[in-house]
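# Topology and contacts: notes
Residue strings, one per chain:
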Amino acid sequence: MRWTRVLALCAALLCPLAGAHAQGGTGTVAGTVLDEQTGRPLSDVVVTVTGTARRALTDAAGRFTLTQVPAGPRTVNASRPGYSGTAAVTVAAGQEATVTLRLRPAGVQLQGVVAVGYGTLRRRDVTGAVSSVNTEALRNTPVASLDQVLQGAAAGVQVTSASSTPGGGISIRVRGTSSITGNSEPLYVIDGFPIENDPEAASPGNGGRATASVPSNPMASLNPNDIESIEVLKDASATAIYGSRGANGVVIITTRRGRAGRPQVSIDSYTGMQSVIRRYDLLTARELAMAMNEVSTNGGGTPIFSQAQLDTLGTGTDWQDAIFRSAPLRSVQGTVSGGSTGTSFTRYAVSGGFFDQQGVVTGTAFKRYSLRANLEQGIGPRFRFGTNLAASRVNTSFVPTDGESNRRAGAVGAALQAYPFLPVQFANGVYPFQGRDLAAVGVPTANAAELVNPVSLATQVQDDEGDTRLLGNAYTSYEVLPGLTARVSVGGDFADRYRNTYYPRTTRPGLEAPNGQAIRGTANVLSVLNENTLTYDHDLGSHSHLNVVGGFTWQTNVTERTSVSGVDFVTDVNGFNAISSARVPGTPSSTRERWALESFLGRVNYSLFDRYLLTFTGRTDGSSRFGKGSKWGFFPSVAAGWHLSEEPFLRGVGAVSDLKVRASYGAAGNPSIRPYQSLARLTSAGYSFGGNPVTGYFPIGVANDELTWESTRQLDVGFDLGLFSRASVTFDWYHKTTDHLLLTVDLPSESGFARALVNAGSIENRGIELSLNLDVLQRGDSPRRLGWRSGVNFARNRNRVTDLGGDNEITASSISDDFKLPGTVVRVGQPVGVFIGYRTGGVVRDSAQALALGGIVNRVTSAAYRPGDVILVDVDGNDTIDTRDRTVIGDPNPSFTLGWQNTFSFHGFELAGLLQGSFGNEILNLNRWRLTGGDAATNLLRDRYEQRWTPQHPDAKYPRLGVNTVGAGTTDYNDLILEDGSYLRLKTLTLSYAFPARWLQARGVSMARLYVTGSNVATWTDYTGFDPEVSSFGVGNLNRGIDIGAYPAARSFTFGLNFTY
Amino acid sequence: MKHRIKALALLAAAGVATAGCGDDFLTEVPYSFVAPENLYTSGDGALAALSGAYAAFQARVSDLGISDVDYYGRQYWMLTEYPTETVTLRLGATNERTMPDIFRVTPSHNYINGVWRAAFHAVNRANSVIDNVPGIAGMDPALRDRVVAEARFLRAYHYFNLVRFFGGVPLYLHETRSLEEIQKPRATQAEVYNAIIQDLKDAAAVLPAKYTGKDVGRATSGAANALLAKVYLQFGAVGGGGAAAFTQAEAYARAVIASGQYSLLADYASVFDQNNENNAEVIFDIQNTRTPGAGGYMCDQFAPRPLPSQTDFPYCDSQNPSFGPEWPFFYSYAPTDTRKAGTWLMTYTKKSGATVTWDSTQTAVNAYGNFAPVPNKYMDKVPGAQDGAEEPNFILIRYADVLLSLAEAINENAGPTAEAYNLVNTVRARAKVGPLTPGLSKQAFKDALFTERRWEFAMEGHGMFDSQRNWSWAKARIEQYSTNAARTFWNRPRPSGCSSCIPRDSSVPKVTLVLDDHYLFYPIPQPAMDVNPQLVQNPGY
């Protein structure tokens, strides 16, 4: 009964404050709010008067009345998520002034209401760094998944694809990476339900799949068309309300809900085609044969191919052609929404969607079926009840496309490497493998890399993932007193995932398994959430406003996994469906994990004279995942804002319509650990007594009762500036320090253990963010005028490891099992995950230069320099090239990122384009390891062949054929395979036409719109791979920015329509 | 107001009911693994933990980087047998296996770290039982005390290995339960010996003299007493235990004999017969069985590579022969000594049918070839043995060891008495060898006794530790007789009249061994030194 007491106490304290409104010369403002585009009235719009605390909500007819507005010229603001508008009005004492507001999408984002977690705030009252993503594109253009909405949309939010395969994994970083071993993905909150997007925790398990398997994207089940608004919480003031899970930033997603009014039926549909943006330019069969001859003669041998053989060779097989295709995508979505008015109102929004995408690599596909019902019911004047329910089913067909080289290559990597000599299939239907089958086409095999057949992987492997997900919550709220609302919600997130894979014997992994390999894995995830909050939102007199939220919430999450596998099947016909027929069954496995979180949270927003803003936020989290002695943590933050524009000395400055400076400081955490990491663990072992087997148990993991969250403290200073009511500027500077990083340390083996996860080490992220929104040309009320809105965001982040708990360096796990290349390095003083290798100083031009270099001992190649060799830079200047000359040669973290959205409108036409870019990051293009290798064990880049060193072409970019570009051995690399990953791209370009409202209304239609969209229309980059937006191992913090057989990004053109009646 | 309170109550009830967060809400309950609190709840759990402690001899913990070969799966045998004049290997002068053979083990040598971490891990397994089992409520007290006593025997055994390999080592006498104070400095040898002795005395007082049925193979009071005798001998000779230790050694050896539980088998080879396990001579052994993960892991180290087909050996599947006799030692057995054929596999029939008999005319030699007789003890001689699932038990203490230990103790206490002679001659007689030369001085008797131990216990993992107790004798023998890897098989005596035999390769230089006293112990492994800065390296390394 604690709650009633607390409530009663709150009521007792707050009751006297109610009704203490200022009296004086006031009048009334009444009016209507309309949609600028459709002319329809808008309900649920918050209407305020600048400089006062007066607020009202519009009804179903879009009408509102504001009483007790101080007399004089006033600005009336109207806002709804994603929309805003203002109007000027003169209020006379004791009289009623009327005004009509037309709302347009909030391009100038200093108005409106934003979701801040456990409530909403007027943007002008926000003291933290909160980016509202422009979700206009969601309704108007084809968007396959959430990441495409976030890409380039908000300053400081960086989106990377781990694989461009349909349904493939994505990785999002808000203000840089602040963990080494932990998950750095932001927390997603969908209609109040927090979802920790850890691809590893969500996956149905690897189950022994080939390393070339692709991580999937657990957020793919969310239908982006259902999204109403997205807010990204970035600074400590904003994220502290999510406590131990806020340190990586929080993405708050609110889905569409019904509005009062007659039923609206919308149909949104599009269809389009995708194709690979760019291909590698590789050698034809004849050219490669000539190159192989040169390799041989350069090594003192005889040509491999005779002139007669050369003459029979043509272009050979183009393996890229063989696996790439033009692929269609389509989507159709229907939505019905509406609602009634009154105290017992009903509001509903129900939608169903179908999205179907084929991938540009044969065999890949993604399908999503989604259903959503958001309902709200008023029960009398004080009670409300509602649900948000979403059901979805995702089917993804993967192909082993990404990762590794040689015989572990995926289809894409193999298509680049494969010699053009072999056909896709022999006449008897057998898929040839490079290495094994070259002799059959008369090509010597001695030097050839063993490879898979790319087409057999793409067409023969079955690798299906399914995700059936139910995400929903039900809530009830009760207005205890005017302004005091209690809310209870209960929700659940249930996901049933599987991944079934079969490698038939027509593929190399299947043949060598032997005779087929089948793997089935499932993961069932059930997360349950309860939230109980009290919100008090009240004017304390006319000059100050108080918004208080307090609450208690808990969440549990249980994940169960099973996996079965087998190899050696009599026939491939059953695929993965009959594992019992495997001659060699694999070891089955099953696991169950649970975590729980229990939290108390609170936030106080106080504004005085609408000028001085103060926010205190705190959350106390108790998490099962932390050690016994560290279960509870407190995450406080404080922020202050000052509306300078409301001060008398700026009121007269007409240019400045709004100016707010903000500062915040606080803490948030990153739980980052899987359950049970802090516990002592036992495992089993067999023994026997007198020949009778027994099972024993023994300790393999030591408890760490102190294991706890990674703790991030962040200072943020910024300002929001509005100019001439048509431009807005938001600027933030931040300094984020993360301590107690989760690191694995070696234990003394005398303890009986080897390693433990501990909290040690620090990382800092510093940066600036700038957003500019500009109504270059305002249309006002006239659709005939040309409108032009423009929005730019810019972010610069500096990431630095400041401490590794006593160590100086940590090396990530090796990049490739084939090459044993060391992973990226975490070194104190450097950004996370830098590339370490040799610097090169060109190619030895001639024997004179070789002689001059004669004094240098090269322990990498163990040979003296010869003309046509790659020169490695002697970094430490000791005339010896050895591992001590390896140095930091690149950084996968961009120096800055950029997004620039432009929208032009004229009559019903609109042209919208998004330019987006990333600058200053390097990519380790491991495809070049083979494609620029000297021994022609695989196909070669045309560039490598044409720009090679020969005595006639001494000033060459690449060494002579026969010399490995990358360096000798397979444990290091040099900067010749490191490339500048900077790019600027026209991400989307949409031309649309909306039919005139009057013309439509006559036909009973509210809105009709047609559009054509191109995505990835143009890219400006020096990167030579398929696409600079790549990170083959991209979902972790280490080994980012590596391209090894990555699935190529696609360019697409779609045609679509939106129709509402 | 009534209405309001009703609504409040409703909300509050909803909040409280759905919350229901008791103390257990944040407690992590492991579902798919076992935590100590789940295991130590019953007698069955206690026995499972104890079985886990026994299984530590087999050292398979991939999660901790401890592999099959780190302890009794290979490294233990190599580290105890190579640095003697009895056993050598087949590889060249730079191979890591050669290093213990030629006394060039450095702190970074992989094998010593293997034994170090496997033995300490085994200690922690025993500590877990010793710390947790006494607290199990409702368990049969007699069983509880026996389980703890068995674990104390095991802990003592592993510490005895550690103190003999490395000298004083850190003493961890409680389970590692947290990361606090996890690094400990080295204790002195005397401290380690005293801890071992305390454990064994406590164990001997509780353990039964004999087990039957499904308990055969557990530590007995006889095992504890026999180990006490061996521990006191080592303590007296190497660990600074002095004369008092030899008196104790004598007493405990006599207690084993007086128990009447053990006897010498008539046939030496039958002691090691895998169809005659847990026989009357066995006092304590590692119970291997043909269950994957619960058996031995030595076959591929023992099996020869018959030429020309390397897979023609009838028993073990993989052939990676690693142990051969040093030739001077091999030829030192008396002609009638049954221990030569009992220790070394002298003849076998290949799968293809031909019989291979080791004699000095055999010429099939290559770098990985059939270079010498291979060990006969502990080789699984039933075809189909898999790595980690080999049947033969590894005998750690047997009755002949107690007899010779008593003789050694008597000689230390009172010189070569008739009883001491009688003990040695009993062992010799079983091996079909005549009595020892009478009238030896105390030191000469001691040397003869240790030479006897070489013949009796070759390939049983005692070699290095015996050398420690009679170091000057051992040094002289090793410097004189031990050849080294690269020359071992090349330098074998070329039988007269064998024109096809491979001549000795004089281009391979012989390494002259000069044994410095620091070779008495191995160095502390470098990986351990790196992680625990409190460890101090042994002198000379």
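Up top is the structure.
Heads up: these notes are all about the structure in this document. (Residues numbered from 1 in each chain as written. Chains lettered and ligands numbered in written order. Predicted model: local features only at pLDDT ≥ 70, side-chain atom pairs only at ≥ 80, totals over all residues. Heavy atoms only, no water.)

### Points about the sheet that holds strand S16 (residues 250-255) of chain A
Residues and elements named next belong to chain A. Taking strand neighbours across the sheet as the criterion, the five strands line up as S10-S15-S16-S13-S14 in an open arrangement whose pairing is mixed. On the outer flanks of this sheet lie strand S10 (130-133) and strand S14 (193-196), each paired with one strand and no other. Across the sheet, the mean angle separating the axes of adjacent strands is 20° when strand polarity is ignored. (Pairing = 2+ DSSP bridges. Helix = DSSP H or I, 4+ residues; strand = E, 2+ residues; numbered from the N terminus. Axes fitted to C-alpha atoms, helices over the stretch in contact; angles between N-to-C directions.)

### A few points about a nonpolar patch on the surface
All names here are of chain A. There is a patch of nonpolar side chains on the surface, built from Ile-267, Val-332, Leu-1010, Val-1012, Phe-1055, Leu-1057, Phe-1059 and Tyr-1061 and spanning about 610 Å² of accessible area. Where the nonpolar patch is concerned, the elements lending two or more residues are strand S52 (1007-1021) and strand S54 (1050-1060). For the nonpolar patch, the leading source of residues is S54, giving three residues. You can see Val-332 is positioned in strand S18 (residues 327-339). (Patch = residues over 30% accessible without salt bridge, like charges linked within 9 Å, V, L, I, M, F, W, Y side chains within 5 Å. Areas by Shrake-Rupley, 256 points an atom, 1.4 Å probe, with all protein chains shown as cover. Salt bridge = Lys/Arg side-chain N within 4 Å of Asp/Glu carboxyl O.)

### Some thoughts on the packing of aromatic side chains
Under the counting rule described, the total for this entry stands at 67 aromatic pairs over all chains. Ring plane angle 70° and centroid distance 5.4 Å describe the contact between Tyr378(B) and Phe394(B), whose orientation is recorded as edge-to-face. Residue Tyr378(B) is located in the loop between strand S7 (374-375) and strand S8 (394-398), and its partner Phe394(B) is located in strand S8; the two are separated by 16 residues in the primary sequence. Judged on exposure class, the residue Tyr378(B) and its partner Phe394(B) are both buried. A cation over an aromatic ring shows up here: Arg125(B) above the ring of Phe698(A), its NZ or CZ 3.4 Å from the ring centre. Here Lys184(B) stacks its cationic end above the ring of Tyr172(B), 5.2 Å away from the centre of that ring. (Phe/Tyr/Trp six-rings, centres within 6.5 Å; stacked < 30°, edge-to-face > 60°. Buried < 20%, exposed > 50% of the residue type's maximum accessible area, 1.4 Å probe, protein only. Lys NZ or Arg CZ within 6 Å of the ring centre and 35° of its normal.)

### A few points about the sheet that holds strand S53 (residues 1042-1043) of chain A
Residue and element names in this part refer to chain A. Read across the open sheet, the three strands follow the order S50-S49-S53; overall the sheet is mixed. Looking at which strands have only one partner, the edges of the open sheet turn out to be strand S50 (978-980) and S53. Relative to S53, strand S49 (residues 922-925) is paired through two bridges, and the arrangement is parallel. If you follow Leu-924 over to S53, its bridge partner there is Ile-1042.

### A look at the interface of chain A and chain B
Contact residues are listed per partner, giving 69 residues for chain A and 73 residues for chain B. Taken together, both faces of the contact between chain A and chain B bury some 5900 Å²; the carbon and sulfur share is 67%. Three residues, Tyr687(A), Phe689(A) and Glu750(A), lead the burial of chain A against chain B; their summed loss comes to 15% of the area buried on that side. Inspection of the chain A/chain B interface yields 17 residue pairs in polar contact (both at pLDDT 80 or more). (Contact = heavy atoms within 4.5 Å. Buried area = accessible area lost by both parts, 1.4 Å probe. Polar contact = N/O pair within 3.5 Å; in protein donor to acceptor, adjacent residues only side chain to side chain.)

### Details of the pattern of salt bridges
Scanning the model with the defined rule gives 81 salt bridges over all chains in all. Salt-bridge contacts for Asp281(A) lead to Arg942(A); the nearest nitrogen and oxygen are separated by 3.1 Å. Of this pair, Asp281(A) sits in the loop between strand S17 (261-276) and helix H6 (285-298) while Arg942(A) sits in helix H15 (residues 942-946), placing them 661 residues apart in sequence. Look at Asp281(A) and you get partly exposed, because its relative accessible area is 44%. Glu85(B) is paired through a salt bridge with Arg454(B); the nearest N and O atoms lie 2.9 Å apart. Of this pair, Glu85(B) sits in the loop between helix H4 (75-81) and strand S1 (87-88) while Arg454(B) is found in helix H16 (residues 442-457), placing the two residues 369 residues apart along the sequence. The buried category is assigned to Glu85(B), whose relative accessible area is 1%. Members of the salt-bridge network, linked through shared partners, are Glu281(B), Asp337(B), Arg339(B), Lys377(B), Arg398(B), Arg428(B), Arg430(B), Glu452(B), Glu456(B) and Glu460(B).

### Digging into the state of the cysteines
All names here are of chain B. Tallied over the full model, the rule gives one disulfide over all chains. With its sulfur 1.8 Å from that of its partner, Cys-299 forms a disulfide with Cys-316. Handedness here is read from the sign of the S-S torsion; for Cys-299 and Cys-316, about -45°, the answer is left-handed. Within this pair, whereas Cys-299 is found in helix H11 (residues 299-302), its partner Cys-316 is found in the loop between H11 and strand S3 (324-325), the two being separated by 17 residues in sequence. On the basis of relative accessibility, which here comes to 1%, the residue Cys-299 falls in the buried class. (Disulfide = S-S within 2.5 Å.)

### Points about the nonpolar core
All names here are of chain B. In terms of nonpolar packing, the biggest core is built from 153 residues, with Tyr-72, Phe-153 and Phe-284 touching the most fellow members. For this core, the element with the most residues is helix H7 (residues 141-166), which contributes 14 residues. When neighbours within four sequence positions are excluded, Phe-153 is seen to be in contact with Leu-200, Ala-203, Ala-219, Ala-223, Ala-224, Leu-227 and Phe-284. (Core = buried A, V, L, I, M, F, W, Y, C linked by side-chain atoms within 4.5 Å.)

### A closer look at helix H8 (residues 189-206) of chain B
Quick reminder: α-helices carry 3.6 residues per turn. Residues three or four places apart thus point the same way. Residue and element names in this part refer to chain B. Here H8 is 18 residues long and its end C-alpha atoms lie 26 Å apart, about the 26 Å a rise of 1.5 Å per residue gives. For H8, the full list of buried residues reads Gln-189, Val-192, Tyr-193, Ala-195, Ile-196, Ile-197, Asp-199, Leu-200, Ala-203 and Ala-204. Packing partners of the buried residues in H8 comprise H7 and helix H9 (221-237). (Expected span 1.5 Å × (residues − 1).)

### A short note on the environment of Asp876(A)
All names here are of chain A. With respect to the secondary-structure elements, Asp-876 resides in the loop between strand S44 (870-872) and strand S45 (880-881). By relative accessible area, which is 36% here, Asp-876 ends up partly exposed. Separated by 10 residues in sequence, Asp-876 and Arg-886 place their C-alpha atoms 9.4 Å apart. Setting aside anything within four residues of it in sequence, one finds Asp-876 in contact with Arg-884 and Asp-885.

### Section: the packing of H16(B) against helix H18 (residues 471-481) of chain B
Residues and elements named next belong to chain B. Relative to each other, H16 and H18 sit at 60°, their axes nearing to 10 Å. In terms of orientation, H16 and H18 fall into the oblique class. Read as a crossing pair, H16 and H18 show a hand that is right-handed. Of the residues in H18, those touching H16 at Asp-447, Phe-450, Thr-451 and Arg-454 are Trp-473, Ala-474 and Arg-477. For the contact of H16 with H18, the class distribution of residues is three nonpolar, one polar and three charged. (Parallel < 35°, antiparallel > 145°, perpendicular 65-115°, else oblique. Left-handed = near helix turned anticlockwise from the far one by under 90°. Nonpolar A, V, L, I, M, F, W, Y, C, P; charged D, E, K, R; others polar.)

Any functional reading would require information beyond the geometric quantities listed.
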